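Residue-level listing of the chains:
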Amino acid sequence: MTVPFSKFAVVGCAAAAAGCGGKSGNGPANPPESVGTPPPVTTPPPTPPAGPGTFVNMTDASGISFTVGFLQPLPNPELEMILPSGAAAGDYGYDDDDGDIDLLIVRGDGGPNLLYRNTGNLVFEEVAAEAGVAFTKSAVANYRHSSPAFADLDGDDDLDLLLPGLDGDPSLVFASNGDGTFTESAEELGLDDAEQGRGIVCADFDNDGDTDILQLHMHADNAATLWMNQATNNWLSVRLRGDAPNTQAVGARIVATIAGEDYLREVTLGSNFASHNPTDQLFGLGAMTQVDTLTVEWPDGERTVMQALAANRELVIDHPQR
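As the structure is a prediction and not an experimental result, all values here were calculated from the model.

## Considering the pattern of salt bridges
When charged atoms on two side chains of opposite charge get close, those side chains can pair.
Moving on, step 1. If you walk through the whole model with that rule in mind, you get 8 salt bridges.
Moving on, step 2. Two residues, D157 and R265, come together in a salt bridge whose shortest N-O distance is 2.6 Å. Here D157 is found in the loop between β6 (149-151) and β7 (160-163), whereas its partner R265 is found in strand β15 (residues 261-266), with 108 residues between them in sequence. Of the two residues examined, D157 and R265, each falls in the buried class.
Moving on, step 3. For R241, the salt bridge identified is with D318, shortest N-O distance 2.6 Å. One end of the pair, R241, is in strand β13 (residues 234-241); the other, D318, is in strand β19 (residues 313-318), with 77 residues separating them in the sequence.
Moving on, step 4. You can call R241 partly exposed: its relative accessible area is 35%.
Moving on, step 5. The partly exposed category is assigned to D318, whose relative accessible area is 33%.
Moving on, step 6. Each of the salt bridges in this network shares a partner with another, and the network as a whole consists of R253, E266, E297 and R303.

## Looking at the sheet that holds strand β18 (residues 303-310)
Moving on, step 1. Spatial strand order, β15-β14-β17-β18: 4 strands in an open sheet with antiparallel pairing. This sheet does not close on itself; its edge strands, each paired only once, are β15 and β18. Taking each pair of neighbouring strands and ignoring which way they run, the sheet shows an average axis angle of 20°.
Moving on, step 2. Note that strand β14 (residues 253-258) and β15 share 6 bridges and pair antiparallel. Counted as the bridge partner of R253 is E266 from β15.

## Some details on unusual backbone geometry
Moving on, step 1. Cis geometry marks the peptide bond from A244 to P245; its omega dihedral reads 5°.
Moving on, step 2. By the element assignment, P245 lies in the loop between β13 and β14.
Moving on, step 3. Within the chain, D167 stands out as a residue other than glycine whose phi angle is a positive 50°.
Moving on, step 4. Inspection of the secondary structure puts D167 in the loop between β7 and β8 (172-176).
Moving on, step 5. For D167, a relative accessible area of 32% translates into the label partly exposed.
Moving on, step 6. One non-glycine residue, N207, lies in the positive phi region at around 55°.
Moving on, step 7. Here N207 shows up in the loop between β10 (199-203) and β11 (212-216).

## Observations regarding the layout of surface pockets
One water molecule sets the probe size; rolling that probe over the atoms shows where empty space is left.
Moving on, step 1. What the largest pocket holds in volume is close to 810 Å³.
Moving on, step 2. Around the largest pocket sit 30 residues that line it, and R265, N277, P278, D280 and Q281 are the ones nearest its centre.
Moving on, step 3. Contributing elements (two or more residues each) for the lining of the largest pocket: β2 (86-90), β6, β10, β13, β15 and β16 (281-286).
Moving on, step 4. When the residues that make up the lining of the largest pocket are grouped by side-chain class, the tally is 12 nonpolar, 10 polar and 8 charged.

## Description of the pairing of β13
Moving on, step 1. Across the 8 residues that make up β13, a large majority, 6, are buried.
Moving on, step 2. Of the pairings in the sheet, the one linking β13 to β16 comprises 5 bridges and is antiparallel in character. Its bridge partner lying in β16, W235 is registered against G284.
Moving on, step 3. Relative to β19, β13 runs parallel, the two being bridged by 6 bridges. Paired with S237 across the two strands is E314, which belongs to β19.

## A closer look at the sheet that holds β2
Moving on, step 1. Across the sheet, 4 strands lie side by side as β2-β3-β4-β5; this open sheet has antiparallel pairing. Strands at the two margins of the open sheet, each flanked by one partner only, are β2 and β5 (123-126). Each strand of the sheet is rotated relative to its neighbour by a mean of 25°, with strand direction disregarded.
Moving on, step 2. Bridge count between strand β4 (residues 114-120) and β5: 4 bridges; the pairing is antiparallel. Within β5, the position partnered with N118 by the bridge is F124.

Cut-offs applied
- Residues numbered from 1 in each chain as written.
- Predicted model: local features only at pLDDT ≥ 70, side-chain atom pairs only at ≥ 80, totals over all residues.
- Heavy atoms only, no water.
- Salt bridge = Lys/Arg side-chain N within 4 Å of Asp/Glu carboxyl O.
- Helix = DSSP H or I, 4+ residues; strand = E, 2+ residues; numbered from the N terminus.
- Buried < 20%, exposed > 50% of the residue type's maximum accessible area, 1.4 Å probe, protein only.
- Pairing = 2+ DSSP bridges.
- Axes fitted to C-alpha atoms, helices over the stretch in contact; angles between N-to-C directions.
- 1 Å grid on protein atoms, 1.4 Å probe; cavity = no way out; pocket = protein on both sides within 12 Å on 5 of 7 lines; lining within 4 Å.
- Points joined across faces, edges and corners; volume = space filled by probe spheres on them.
- Nonpolar A, V, L, I, M, F, W, Y, C, P; charged D, E, K, R; others polar.

These results come straight from atomic positions and should not be treated as a statement about function.
As structure tokens, this is what we get:
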């Protein structure tokens with residue numbers, strides 16, 4: 001489902017960059033040769049040790065592995081110090097949203113983008129080509145992007161993918177088809193823009209129930225653009241008030257069951273470079289008029305379950321011990 005956006009205003013901003021679910025980064029001056037998509041990993045990862053304050057590196061065993069570098073020389077030597085990159089995390093809708101957080105890594109000239117689908121038990125499968133997001137410029141080349149974002153841009157509760165452009169390359173929007181695949185829809189949504197995207201903040205700035213976009217450009221004469229979403233779908237906004245000291249319930253998982261399907265949002269802070277999205281969570285409902293069940297899994301293990309919640313309102317939920 002797609003609905004139009006409109007460019008509302010250009011807003012002055014001193015911040016250099018932000019990301020919505022991702023961070024931009026600088027690459028090495030003399031990067032190694034890049035490799036393509038790694039082969040799938042079938043060996044299950046080791047069992048994490050029990051007990052608080054204990055960690056084990058499970059990266060390779062999880063299937064998340066790639067080499068940093070350039071696929072081909074850049075036309076501007078000054079840009080060789082910059083490796084367009086970033087990561088976004090979200091349950092993007094494969095298999096009716098399975099409750100596991102998936103991971104996207106954008107690579108620009110470093111090779112194909114990587115979309116790691118979480119299959120559970122900390123095992124990931126690389127599916128960017130299958131999903132239609134491995135390359136963004138042609139069948140074998142990428143535009144340069146930074147600060148990628150998973151966000152529900154059309155109010156149907158499936159997470160879409162926003163890729164801000166760098167150095168004159170266009171910003172792109174891959175709208176979710178609801179089946180684990182995406183269709184590039186920036187022009188249709190009114191978000192086809194060539195301004196540099198040094199960062200993105202996704203939030204309902206005007207409190208009308210849809211996701212607006214603040215795009216930071218790092219230009220002295222045009223620091224930022226605020227895109228106001230004109231979606232008209234139904235929605236439910238959820239704000240959690242946690243028990244002190246975690247009063248914003250960072251780490252909580254909110255699952256909305258709508259017409260038999262579950263949609264996950266996680267409450268996070270500091271996920272973006274120099275900024276972050278609000279801790280309020282927005283569920284687009286499409287034409288549905290209620291959330292059948294809303295389940296909050298609090299960071300301390302407490303649970304709150306609510307039934308038959310009417311659409312188009314802001315809901316504030318307190319921790320059971322508050």
